[in-house]
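Spelled out from the first residue to the last, the chains are:
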Amino acid sequence: MRALHHPDLASVDLATLLGALADPVRLSVVRQLAQAGGVVCGKFDALSEVSISTLSHHLKVLRAAGVLRVTPNGSFRRHELRADEINDRFPGVLPAIIANLDQTERVGVPA
């Protein structure tokens, strides 16, 4: 399994980060990662909404923007939020987004 490139978050600007999070499917992925801590590719809830190839594209966008880290896990790849690194670079941004996602679910508004 080839190694994937993960950008140094010092080189990621806020517009890139927010652009990657500006899609409902990617927000769904971020929500699941925040709740689960890490997910193997074939286990994403978003697969009920999109095909595996579309999900793969969304994961690539999130990885390129520095939102997640992908590590080999046997014959699979495990995806994890880079929450601490993002919070160091953009304090409070990711926790605010995740809290908003959780809040919209509680009041019955689709995220």
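Refer to the structure above for everything that follows.
Not measured: the values here are computed from a predicted model. (Residues numbered from 1 in each chain as written. Predicted model: local features only at pLDDT ≥ 70, side-chain atom pairs only at ≥ 80, totals over all residues. Heavy atoms only, no water.)

Q: An account of the pattern of salt bridges is needed here, citing residue identities and associated values.
A: This structure, assessed with the given rule, holds three salt bridges. Across the pair Arg82 and Glu85 runs a salt bridge whose closest N-O atoms are separated by 2.8 Å. You can call Arg82 buried: its relative accessible area is 4%. The exposure class of Glu85 is partly exposed, given its relative accessible area of 32%. One salt-bridge network, in which partners are shared between bridges, spans Arg69, Arg82 and Glu85. (Salt bridge = Lys/Arg side-chain N within 4 Å of Asp/Glu carboxyl O. Buried < 20%, exposed > 50% of the residue type's maximum accessible area, 1.4 Å probe, protein only.)

Q: Account for the sheet that holds strand S3 (residues 76–81), with residues named and values stated.
A: Overall, antiparallel pairing links the three strands, which are arranged S1-S3-S2 in an open sheet. Strands with a single pairing partner mark the edges of an open sheet, and in this sheet they are strand S1 (39–40) and strand S2 (68–73). Across the face of the sheet, helix H2 (residues 24–36) comes into contact with S1, S2 and S3 while running at roughly 90° to S3. (Pairing = 2+ DSSP bridges. Helix = DSSP H or I, 4+ residues; strand = E, 2+ residues; numbered from the N terminus. Contact = heavy atoms within 4.5 Å. Axes fitted to C-alpha atoms, helices over the stretch in contact; angles between N-to-C directions.)

Q: Could you give me a rundown of H2, with the residues and numbers involved?
A: For an α-helix, the turn length of 3.6 residues means that residues three or four places apart are oriented alike. For H2, which comprises 13 residues, the first-to-last C-alpha distance of 18 Å matches the rise-based estimate of 18 Å (1.5 Å per residue) to within 8%. Within two residues after H2, Gly37 carries a phi angle of roughly 90°, on the positive side. (Expected span 1.5 Å × (residues − 1).)

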